[in-house]
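# Structural overview
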Amino acid sequence: MSSLRAAPLTGLRVLDLTRVLAGPWCTQNLADLGAEVIKIERPHQGDDTRRWGPPYMPDASGQPSSEAAYYAAANRNKKSVTIDMATPAGAQAIRDLAVQSDILVENFKVGGLKKYGLDYDSLRQIAPRLIYCSITGFGQNGPYAERPGYDFMIQGMGGLMSITGEQDPIPGAGPQKAGVAVADLMTGMYATVGILAALHERSHSGLGQHIDMALLDCQVAMLANQNMNYLATGQAPTRAGNAHPNLVPYQVFTVADGHLIIAVGNDKQFQALTRVLGCPELAQDDRFATNPQRVHYRAELIPLLQRPLLEHDQAYWQTQLEQANVPVGPINTLDQVYADPQVQARGLKITLPHSVIGHMDSVANPIRLSSSPLRYQSAPPFLGEHTEQVLSELLGLDSSQIYALQGNRHDFFKE
């Protein structure tokens, strides 16, 4: 008999009125943790990211399917239900689902759901225990509240791009966005935390509440030590390329066959690094003996470390530095990531059943719980896959009533 318990959010229902990435990332977290997530989508169109390709996920024969890889990144373990919210019957059906849900997550423009009676103030009258999370670019108040907000522009407005990229006057210098939509992703993560906190509070008060999440807020908050670097000095940090503003050496170095990251976090590790490189005298030099001094004399130190690193290849230096307990690592491409034995041992690549294309590869959630593990039940659903099931089981609607919620398109269930 298994000693494992049910996934931690088993028994909770989430009504997902989100699209693109920040909201779906949050609700995918909740789904992985065991919640039933009902994703409400526009009939015949669905989440915008369903069409954000190529690339598209391969079908059973290996050919591109109609499922965009972007959509697949944030929508596993969910049920897709299509309802035309713009009709009175559609709005009422969503309200009825909200009454039977524990959590609602939405990312409409501020005030955009009020005309449908799906805003927080309307729903709390009929569902006082509902935890309602709104995700917008700039939050529910302030001079920018009405503006649309997208990850790229938020990375710029929130300061991330001012500290990302090579420093002037290095060729190619300039502001640089991150390689993934980090403002969206961090907002989804913060939203997940907020929802779980509200769930715990509800266990005491018996009441839900409104959670106001803004991409700009999250982008600013996630700047961590760079925020404090500014607040402590009054000087805005600038771009430093692959170097660290507070630690030296903590950056990318060139070796005989490519590049290697060396991340020295304390003076003992620096002493070990200099021994491996054959220049132990650098650790005794007053300019470099302590990290504050190394930060001050960065420009003098880095060339002295770079010179011996050019003498051997990546594999050699990685072996030597690991043996000396100096943090070191390669810069892997994604094919190298998934071939890495540690990534394989941790099971980060998973395969999920898909009702149309047979199966779909995905990426495991990094949360590991010993006794109530996360669940992986299904790949991202095709548009409207669960409409009939959910609306008949939860709302008692018959086929003609369900059909009326689809905008009267006869080919709906074929899409």
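Keep in mind that what you see is a predicted model, and the values were worked out from it rather than measured.

Each value, and the rule that gives it
- Residues numbered from 1 in each chain as written.
- Predicted model: local features only at pLDDT ≥ 70, side-chain atom pairs only at ≥ 80, totals over all residues.
- Heavy atoms only, no water.
- Helix = DSSP H or I, 4+ residues; strand = E, 2+ residues; numbered from the N terminus.
- Areas by Shrake-Rupley, 256 points an atom, 1.4 Å probe, with all protein chains shown as cover.
- Lys, Arg positive; Asp, Glu negative; His and termini not counted.
- Charge placed at Lys NZ, Arg CZ, Asp CG, Glu CD.
- Polar contact = N/O pair within 3.5 Å; in protein donor to acceptor, adjacent residues only side chain to side chain.
- Contact = heavy atoms within 4.5 Å.
- Pairing = 2+ DSSP bridges.
- Salt bridge = Lys/Arg side-chain N within 4 Å of Asp/Glu carboxyl O.
- Buried < 20%, exposed > 50% of the residue type's maximum accessible area, 1.4 Å probe, protein only.
- Phe/Tyr/Trp six-rings, centres within 6.5 Å; stacked < 30°, edge-to-face > 60°.
- Lys NZ or Arg CZ within 6 Å of the ring centre and 35° of its normal.
- Expected span 1.5 Å × (residues − 1).
- Arc of directions from axis to C-beta.
- Patch = residues over 30% accessible without salt bridge, like charges linked within 9 Å, V, L, I, M, F, W, Y side chains within 5 Å.
- Core = buried A, V, L, I, M, F, W, Y, C linked by side-chain atoms within 4.5 Å.

### Notes on the overall build of the protein
Counting secondary structure elements, the protein contains 16 helices and 13 strands. For the protein, the spread of C-alpha atoms along the three principal axes comes to 80 × 50 × 45 Å. Summed over its atoms, the accessible surface of the protein is roughly 20900 Å², and 55% of this surface lies on carbon and sulfur atoms. Mean positive and mean negative side-chain charge positions of the protein (32 and 40 charges, respectively) differ by 3 Å.

### Concerning the side chain of N365
Mapped onto the elements of the fold, N365 is located in the loop between β13 (358-363) and α15 (387-395). Looking at N365, its side chain comes within polar contact range of the side chain of D32, at 3.0 Å. In this structure N365 touches N29, D32, R76, L374 and Y376, once residues within four positions along its chain are discounted.

### Focus: the sheet that holds strand β9 (residues 250-255)
A sheet is described by the order of its strands in space; here three strands give the open sequence β9-β10-β11, paired in antiparallel fashion. Each end of this open sheet is capped by a strand with a single partner; those strands are β9 and β11 (328-329).

### A word on the pattern of salt bridges
In this structure the tally under the stated criterion is 16 salt bridges. Taking the shortest distance from any N to any O, the salt bridge between R50 and E67 comes out at 3.9 Å. With a gap of 17 residues between them, R50 in the loop between β2 (36-41) and β3 (56-58) and E67 in strand β4 (residues 64-68) connect regions that are remote in the sequence. An identical accessibility class is assigned to R50 and E67; each is buried. Between D267 and R294 there is a salt bridge, with the nearest N and O atoms lying 2.9 Å from each other.

### Concerning the packing of aromatic side chains
Enumeration over the complete set of coordinates arrives at four aromatic pairs. Ring geometry for F138 and Y144: centres 5.6 Å apart, planes at 75 degrees, overall edge-to-face. Taking relative accessible area as the criterion, F138 reaches 7% and is therefore assigned buried. Each ring, one from Y316 and one from W317, has its centre 5.1 Å from the other, and the planes form 75 degrees; the classification is edge-to-face. Over the ring of F108 we find R19, and its NZ or CZ is 4.5 Å from the ring centre. Sitting above the plane of the F152 ring, K177 keeps its charged end 5.9 Å from the centroid.

### What about helix α11 (residues 298-309)?
An α-helical turn contains 3.6 residues, so a residue and the one three or four places further along point in the same direction. When the terminal C-alpha atoms of α11 are compared, their 17 Å separation across twelve residues agrees well with the 16 Å that a helix rising 1.5 Å per residue should span. Three or more residues of α11 are buried, namely L301, I302, L305, Q306, P308 and L309. Here the buried residues of α11 occupy an arc of 165 degrees about the axis, which is enough to place them on one side. Structural note: α11 exposes A299 and R307 on the side pointing more than 90 degrees away from its buried face.

### With respect to a nonpolar patch on the surface
There is a patch of nonpolar side chains on the surface, built from Y144, Y150, M153 and M157 and spanning about 410 Å² of accessible area. Position of M153 among the secondary structure elements: in helix α5 (residues 151-157).

### Considerations on the environment of V326
Mapped onto the elements of the fold, V326 is located in the loop between α12 (314-323) and β11. Since its relative accessible area comes to 2%, V326 is described here as buried. With near-sequence residues (within four places) excluded, V326 lies in contact with I262, V264, Q269, A272, L273 and L321.

### Digging into the pairing of strand β12 (residues 349-354)
Residues of β12 alternate between two faces, with I350, L352 and H354 buried on one and K349, T351 and P353 left unburied on the opposite face. With six bridges joining them, β12 and β13 adopt antiparallel strand pairing. For K349, the partnering residue across the bridge sits in β13 and is V363.

### Quick notes on the nonpolar core
Membership of the largest hydrophobic core comes to 28 residues, with the highest contact counts inside it found for C133, I135 and I195. Only α1 (22-32), β6 (103-106), β7 (131-136), α6 (182-205), β8 (210-214) and α7 (215-221) provide two or more residues apiece to this core. For this core, the element with the highest residue contribution is α6, accounting for five residues. Core analysis: the second largest hydrophobic core is formed by 26 residues, I38, I94, L104 and V390 among them.

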